[in-house]
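Working through the structure, step by step
As a plain string of letters, each chain reads:
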Amino acid sequence: MTKFLELKNISLYHKDNIRLKNINLTVTQGEKIALIGKSGAGKSTLISIANGSLSPNEGSVIWKGNNINKISKRESSNIGTIWQDLFLIDELNVAQNINCGALGKHNLIWALKNLLGILDKELCQECLEAVSLPKKALYSYISKLSGGQKKRIAIARLLRQEPEIVLGDEPFSNLDPLLSKRLLNLFLNQKKYYRIKIPSTIIISLHQINLINNFHRVIGLKDGEIAIDLPIRDVNESKLDLVF
């Protein structure tokens, strides 16, 4: 299996505050990993280090054999992240926000054209279809949408990015259980679409433990350290007790 992402001897601390300690993990192509742990265990910090937006005090992050700090902007766009803060732009319509996912793969002229009108309309519509939103939502403005709709627009933007791996920082928090399952199944079930490709490799942090069953692997953090790293078939109540 192809190694996508490697975290080697990762530690992050500030004085006596240890946020992550000696984290080692390897993610191979096609793996679907659930990241679990109590609030403050280090899940968001690990996601931020894994995508290169936060630098550790010790250790290194390797993306497809290269240090993540040395890859190009275009290559870094192959690492997609869904944040708790969605970073949508209220002044732009839904289509323009979705197209922002593709900025890393286009030049400045393309970015300016996106501000002037709707680019790649059919592709944006298919991204909306994937997250169960109607095509007419393309013309809506972000400020007019509900919280659940905004979450789905952020995921549609990520699909437009066409990353090879998705890192999710509790992307389904504050959503109703049915919608959470629907959005998670988008990545777990790999439904085929004509214009977009659903990334097959995911690391998603969850606070809903009932959602972990269809993942391949579960990594549990406790106090900034890996407490468990197991295939889903080996995860039981006693193992979860080591995390919670």
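Please read all numbers here as calculations on a predicted model, not as lab measurements. (Residues numbered from 1 in each chain as written. Predicted model: local features only at pLDDT ≥ 70, side-chain atom pairs only at ≥ 80, totals over all residues. Heavy atoms only, no water.)

1. Looking at the sheet that holds strand S1 (residues 3-14)
The strands that make up a sheet are held in pairs by hydrogen bonds between backbone atoms, and each pair lies either parallel or antiparallel. Pairing is antiparallel in the open sheet, where four strands are placed in the order S2-S1-S4-S5. Each end of this open sheet is capped by a strand with a single partner; those strands are strand S2 (17-28) and strand S5 (66-67). With two bridges connecting them, strand S4 (residues 58-63) and S5 associate as antiparallel partners. By the bridge assignment, Trp63 is partnered in S5 with Asn66. (Pairing = 2+ DSSP bridges. Helix = DSSP H or I, 4+ residues; strand = E, 2+ residues; numbered from the N terminus.)

2. As for the packing of helix H5 (residues 121-130) against helix H6 (residues 147-161)
In the contact formed by H5 and H6, the axes pass within 9 Å of each other and the chain directions differ by 130°. What the angle tells us is that H5 and H6 run oblique. Considering the relative orientation of H5 and H6, their crossing is right-handed. Contacts between H5 and H6 involve Leu123, Cys127, Leu128 and Ala130 from the first element and Ile153, Ala156, Leu159 and Arg160 from the second. Grouping the constituent residues of the contact of H5 with H6 by class yields seven nonpolar, no polar and one charged. (Axes fitted to C-alpha atoms, helices over the stretch in contact; angles between N-to-C directions. Parallel < 35°, antiparallel > 145°, perpendicular 65-115°, else oblique. Left-handed = near helix turned anticlockwise from the far one by under 90°. Contact = heavy atoms within 4.5 Å. Nonpolar A, V, L, I, M, F, W, Y, C, P; charged D, E, K, R; others polar.)

3. Focus: the nonpolar core
As a rule of thumb, nonpolar side chains are buried together in soluble globular proteins. Ranked by size, the top nonpolar core spans 49 residues in total, and within it Ile98, Ile153, Leu159, Leu186 and Phe187 carry the most contacts. Only strand S3 (32-36), helix H3 (94-99), H5, H6, helix H7 (177-188), strand S8 (201-205) and strand S10 (225-231) provide two or more residues apiece to this core. If we ignore the near neighbours within four places in the chain, the residues touching Ile98 are Cys124, Cys127, Leu128, Leu138, Ile153, Ala156, Arg157 and Arg160. Within the second largest apolar cluster, 26 residues are counted, among which are Leu20, Ile23, Ile33 and Ile71. (Core = buried A, V, L, I, M, F, W, Y, C linked by side-chain atoms within 4.5 Å. Buried < 20%, exposed > 50% of the residue type's maximum accessible area, 1.4 Å probe, protein only.)

4. Focus on a nonpolar patch on the surface
A cluster of nonpolar side chains, contributed by Leu108, Leu112, Leu115 and Leu116, occupies part of the molecular surface with about 470 Å² of accessible area. Here Leu112 is to be found in helix H4 (residues 108-116). A relative accessible area of 45% places Leu112 in the partly exposed class. (Patch = residues over 30% accessible without salt bridge, like charges linked within 9 Å, V, L, I, M, F, W, Y side chains within 5 Å. Areas by Shrake-Rupley, 256 points an atom, 1.4 Å probe, with all protein chains shown as cover. Salt bridge = Lys/Arg side-chain N within 4 Å of Asp/Glu carboxyl O.)

5. Side note on the sheet that holds strand S6 (residues 79-82)
With respect to topology, six strands assemble into an open sheet ordered S6-S7-S8-S3-S9-S10, the strand pairing being mixed. Strands at the two margins of the open sheet, each flanked by one partner only, are S6 and S10. Going across the sheet, the axis of each strand differs from the next one's by a mean of 15°, ignoring polarity. The pairing of strand S9 (residues 217-222) with S10 spans six bridges and is classified as antiparallel. Across the sheet, residue Val218 finds its bridge partner in S10, namely Leu230. Packing of H7 onto the sheet brings it into contact with S3, S6, strand S7 (165-169) and S8, and relative to S8 it is tilted by some 150°.

6. Some words on the pattern of salt bridges
A side chain with one charge can pair with a side chain of the opposite charge if their charged atoms come near. Enumeration according to the criterion identifies eight salt bridges in this entry. Among the salt bridges present, the one from Arg195 reaches Glu126, with a minimum N-O distance of 3.6 Å. Pair noted here: Arg195 is in the loop between H7 and S8 and Glu126 is in helix H5, with a separation of 69 residues, a long-range link. Each of Glu31, Arg217 and Asp229 takes part in salt bridges that share partners, so that together they form one network.

7. Here's the deal with the pairing of S3
Burial runs high along S3: five of the five residues are buried. Taking every second residue as pointing to the same face, both faces of S3 are buried, with Lys32, Ala34 and Ile36 on one and Ile33 and Leu35 on the other. Sheet topology places S3 next to S8; four bridges connect them, and they run parallel. Across the sheet, Leu35 pairs through a bridge with Ser205, a residue of S8. Pairing analysis gives four bridges linking S3 to S9, with the strands arranged parallel. Residue pairing across strands places Ile36 opposite Gly220, the latter belonging to S9.

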